[in-house]
Amino acid sequence: MPDLFPEDLKRWHYFESKLTNIFNAFSVEEIRTPLLESTELFSRSVGNSSDIVNKELYSFLDRNKESICLRPEGSASVIRAIIQKKQEHEKHKLWYQGPMFRYERPQKGRFRQFHQIGVEYLGFQEGVSEYELISMVLQINQSIGISDYTLKINHLGDANAKESFCKSLVSFLEPHVNELHEKDQTRLSSNPLRVLDSKEESTIELLKNAPKFEDFISMDSKLFLEGLVSAFKDQCNIQIDQSLVRGLDYYTGIVFEAVSNELGAQDAFLGGGRYDNLSKQLGGKDMHSIGFAIGAERIIELLNMDGFSEKIKVGFIVSEQHINQKTYKIANDLRLANSGIILETFLSDGSMKSQLRKANKRRCSHAIIIGEEELKNNQAILKDLSKEGGQELLSLQDLINQYTSL
Ligand code: HAM
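Position numbers for residues count from 1 along each chain, tracking the sequence in the order it is written. The predicted nature of this model means local features are confined to residues of pLDDT at least 70 and side-chain atom pairs, given and counted, to a pLDDT of 80 or more, with totals for whole chains, interfaces and linings taken over all residues. Water and hydrogen atoms were dropped before computing side-chain values, which therefore reflect all heavy atoms in the structure.

**Q** So what's going on with the overall build of the protein? Which residues, and what values?
**A** Across its full length, the protein carries 15 helices and 16 strands. Using C-alpha atoms as the atom set, the radius of gyration is obtained and then compared with a globule rule of 2.2 Å times the number of residues to the power 0.38. In terms of overall size, the protein is more extended than a compact globule, its C-alpha atoms giving a radius of gyration of 28 Å where 406 residues would be expected to give roughly 22 Å. Taken along the three principal axes of its C-alpha coordinates, the protein extends 90 × 55 × 45 Å. Note on classification: 1.4 Å probe, protein chains only; a residue is buried when its accessible area is under 20% of the maximum for its type, exposed when over 50%, partly exposed between these limits. Every one of the 406 residues in the protein was classed for burial, and the buried ones make up 49%. Contacts were defined at the residue level, with two residues in contact if any of their heavy atoms lie within 4.5 Å. Considering only contacts within the protein whose residues lie at least 6 apart along the sequence, 68% involve residues at least 24 apart. As displayed, the protein offers around 20,900 Å² of accessible surface, 48% of which is attributable to carbon and sulfur atoms. Under the scheme used here, helices are H or I runs from DSSP no shorter than 4 residues and strands are E runs no shorter than 2 residues, and both carry numbers assigned from the N terminus. Throughout, the Shrake-Rupley method with a 1.4 Å probe supplies accessible areas, and for residues the shown protein chains are the sole cover considered.

**Q** Report on the side chain of Asp241, specifying residues and quantitative values.
**A** Tracing the backbone shows Asp241 in the loop between strand E8 (237-240) and strand E9 (254-259). With a relative accessible area of 18%, Asp241 lands in the buried category. Dropping the residues within four chain positions of it, Asp241 is found in contact with Lys152, Ile153 and Asn154.

**Q** Describe the site of the ligand, with residues and values.
**A** Close to the ligand lie 27 residues; Glu73, Glu104, Phe111, Tyr251 and Ala268 are nearest. Compared with its free state, where it exposes 660 Å², the ligand has 96% of that area covered by protein. Those elements giving two or more residues to the shell around the ligand turn out to be strand E6 (113-122), strand E10 (268-274) and strand E11 (289-295). Among the elements that line the shell around the ligand, the one with the most residues is E10, at 6 residues. Residue classes follow a fixed rule: Ala, Val, Leu, Ile, Met, Phe, Trp, Tyr, Cys and Pro count as nonpolar, while Asp, Glu, Lys and Arg count as charged, and any other residue, Gly among them, counts as polar. Here the residues of the shell around the ligand are counted per class, giving 12 nonpolar, 8 polar and 7 charged. We define proximity as follows: a residue is near a molecule or strand when any one of its heavy atoms falls within 4 Å of that partner.

**Q** Provide a residue-level description of the packing of helix H1 (residues 6-25) against helix H5 (residues 128-143), including the pertinent values.
**A** Only the contacting stretch of a helix is used when fitting its axis, a line to C-alpha atoms as for every element, and angles between N-to-C directions run 0 to 180 degrees. Following both chains from N to C, one finds H1 and H5 inclined at 145°, their axes separated by 10 Å at the closest point. Remark: the crossing between H1 and H5 carries right-handed chirality. Touching Tyr14, Lys18, Leu19, Ile22 and Phe23 of H1 are Met136, Gln139, Ile140 and Ser143, all from H5. Grouping the amino acids of the contact of H1 with H5 by side-chain chemistry returns 6 nonpolar, 2 polar and 1 charged. Working rule for handedness: look at the near helix, and if it is turned counterclockwise from the far one by less than a right angle, call the crossing left-handed; if clockwise, right-handed.

**Q** So what's going on with the pairing of E9? Residues and values would help.
**A** The buried fraction of E9 is high, at 6 of 6 residues. Burial of the side chains of E9 extends over both faces: Ile254, Phe256 and Ala258 are buried on one face and Val255, Glu257 and Val259 on the other. Whether two strands pair depends on DSSP finding at least two bridges between them. Bridging between strand E7 (residues 150-155) and E9 involves 6 bridges; their strand directions are antiparallel. The partner of His155 across the bridge, within E9, is Ile254. Bridge count between E9 and E10: 5 bridges; the pairing is antiparallel.

**Q** Give a detailed account of the packing of helix H2 (residues 39-47) against helix H4 (residues 75-84), specifying residues and quantitative values.
**A** H4 packs onto H2 with a crossing angle of 110° between their chain directions and a minimal axis gap of 10 Å. Relative to H4, the element H2 is oriented roughly perpendicular. At the point where H2 passes H4, the crossing takes the right-handed sense. Between H2 and H4, the contacting residues are Leu41, Phe42 and Ser45 on the first element and Ala76, Ser77 and Arg80 on the second. Reported orientations rely on four angle classes, namely roughly parallel under 35 degrees, roughly antiparallel over 145, roughly perpendicular from 65 to 115, and oblique for the rest.

**Q** Which residues make up the packing of aromatic side chains, and what are the values?
**A** Classification of ring pairs rests on two measures: the distance between centres of Phe, Tyr or Trp rings, Trp counted by its six-membered ring, which must be within 6.5 Å, and the angle between planes, read as stacked under 30 degrees, edge-to-face over 60 and tilted in between. Tallying each qualifying case throughout the model produces 11 aromatic pairs. With centroids separated by 5.9 Å and ring planes inclined at 35°, the aromatic side chains of Tyr131 and Phe232 adopt a geometry described as tilted. Taken together, the positions of Tyr131 in helix H5 and Phe232 in helix H9 (residues 219-232) put the pair 101 residues apart, joining distant regions of the chain. The interplanar angle of 55° and the centroid separation of 6.4 Å between the aromatic rings of Phe256 and Phe292 together place this pair among those described as tilted. Within this pair, whereas Phe256 is found in strand E9, its partner Phe292 is found in strand E11, the two being separated by 36 residues in sequence. The buried category is assigned to Phe256, whose relative accessible area is 2%. In textbook terms, an aromatic cluster arises when at least three aromatic residues are bridged by ring pairs, as seen for Tyr131, Phe224 and Phe232.

**Q** Run through the pairing of E6, naming residues and quoting values.
**A** Burial within E6 is extensive, with 9 of its 10 residues counted as buried. Where strand E5 (residues 92-101) and E6 come together, 10 bridges link them in antiparallel fashion. Among the inter-strand pairings, Trp95 is bridged to a residue of E6, identified as Val119. Sheet topology places E6 next to E11; 7 bridges connect them, and they run antiparallel. Within E11, the residue paired with Tyr121 across the bridge is Ile290.

**Q** Give a detailed account of the side chain of Thr203, specifying residues and quantitative values.
**A** Looking at the element boundaries, Thr203 is found in helix H8 (residues 201-207). Given a relative accessible area of 0%, Thr203 falls into the buried group. Polar side-chain contacts of Thr203 include one of 2.6 Å to the side chain of Asp184. If we skip the residues at most four places from it in the chain, Thr203 touches Leu180, His181, Asp184, Val195 and Ser198. We call two N or O atoms a polar contact when they sit within 3.5 Å, provided that within protein one can donate a hydrogen and the other can accept it, with sequence-adjacent residues counted only if both atoms are side-chain atoms.

Given below as C-alpha cells:
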C-alpha cells in the first residue's frame, strides 16, 4: 500500500484533470459510494468462487456481528446505490474514483490498496454504448500519450451461452485433470472459466484443442464483436481474445481489457464489459449495464507528461525577519489578484540570499522582494529570475498590476 508524495501526485493530478475533461465531454457524472460495503454485496455479484471474493476480500464482523468488507471494486457498489434509490428505470452515465482493496500477493503493479477510476453506463442495451465506451477508452489513452497497447476483446454471449460453454469446457478438461497445473485443477472445480486465463505452459497446450467461446455464442453476438473490431482497428491495436473471460462472475456480452508490455507481469491497466444481469441478481429491476475501470497506479506508470505545463511560480521574499508578519497582507492581495499563479512564501526563513536560492531551486520565474525600506514606502522589488539582474522597484499597486499579467 504505497504512500503518495507531492512529486508522485503531480502525475496523478495531471491524469485526473485529463480524465475529468473527457468525462465532461461525454456527459458522464460523478458518483461517490462508501469504502465499506456488506460482504454479501460482492459474494452475490463478483461471485463466491472468484479469487476476489474467495481469497482476497478484506472482510470482518462489525460490532453488530454483520459481515462488512472494504470494497474490492466499484461496479457492484454503483448498482447497489442505484437500486437503493429505486432508479433502475432511468438512464445513468456515471464515473467514480477511489481506493479498492484486495488481499493479493503484492508485486510490481499489484497492491493491496490500489485506486480505480471507473465508468458505468446504466440503462443502455448492447449496441452504441459499447462503441461509445471504447471510443472513451481510446480518447483517455490518447490524451495521456499512451499509444503502445493492445485492446483485447471478447463476447461471452448471454448467461445461457456462458453456462453451456462452461459445461462443455469442464467435460473437455475433466479427463485431462492430471495434466493441469495444481492451481488450474483448483480453478476447474471452483471457477472453470478462469482456467482459460492460465499462464501455465501445460494448460495453455491443452487448451489449444478445447471448445471455443465463439462456438457457443449467437451469430448476432459474433457479428457485433467483429463490427466493433473493424470499427476501431485503424485507431488502436484491437484483438479478439477467445480466452478473455475476466475474473468477475457478473459479465455477459462484450468484455475487454487494455494491456501494455511496458508493465511487466501485471499488464492490464484497464478492464470492463457488459453485466446486464447484475441489477436483478442484487434484488433490483432489470437494468442494462456496461462499464470499465482503470487501474490508476498502472496507467500512471505509462503516463507521458509531455503536454504538461507547470503553473507560473513566484517567490515571495521578505528580507528582514522582524517585518515578516506585516507582509502577509501583501501576499494575500497578490493571491487574490491572480489565483492562477503559485505564490511561494518562505515565511522569512533564512537570509535574502538563501531565500533567492530556494526560489531558483523551486523553479520560480520571478521573485518579489520586500525589505524594511520598501515596506515603509509601500513598495516592493519585482525581480525576473530568468534574466541576470533584471529587477524593478514598484509601488504596491503597480506590483499587483504586473503580477496579474505575468
Ligand atoms: P478488474 O479487472 O478487476 O475489473 O480491475 C480493473 C483494473 O484495476 C485492472 O485492469 C487493473 O489495472 C486494476 N487492478 C486490479 N487489481 C489491482 C491490484 N491489486 N493492484 C493494482 N491494480 C489493480 C473491475 O474491477 C471491474 N469492476 C471493472 C468494471 C467496471 N467492469 C464493468 N464496469
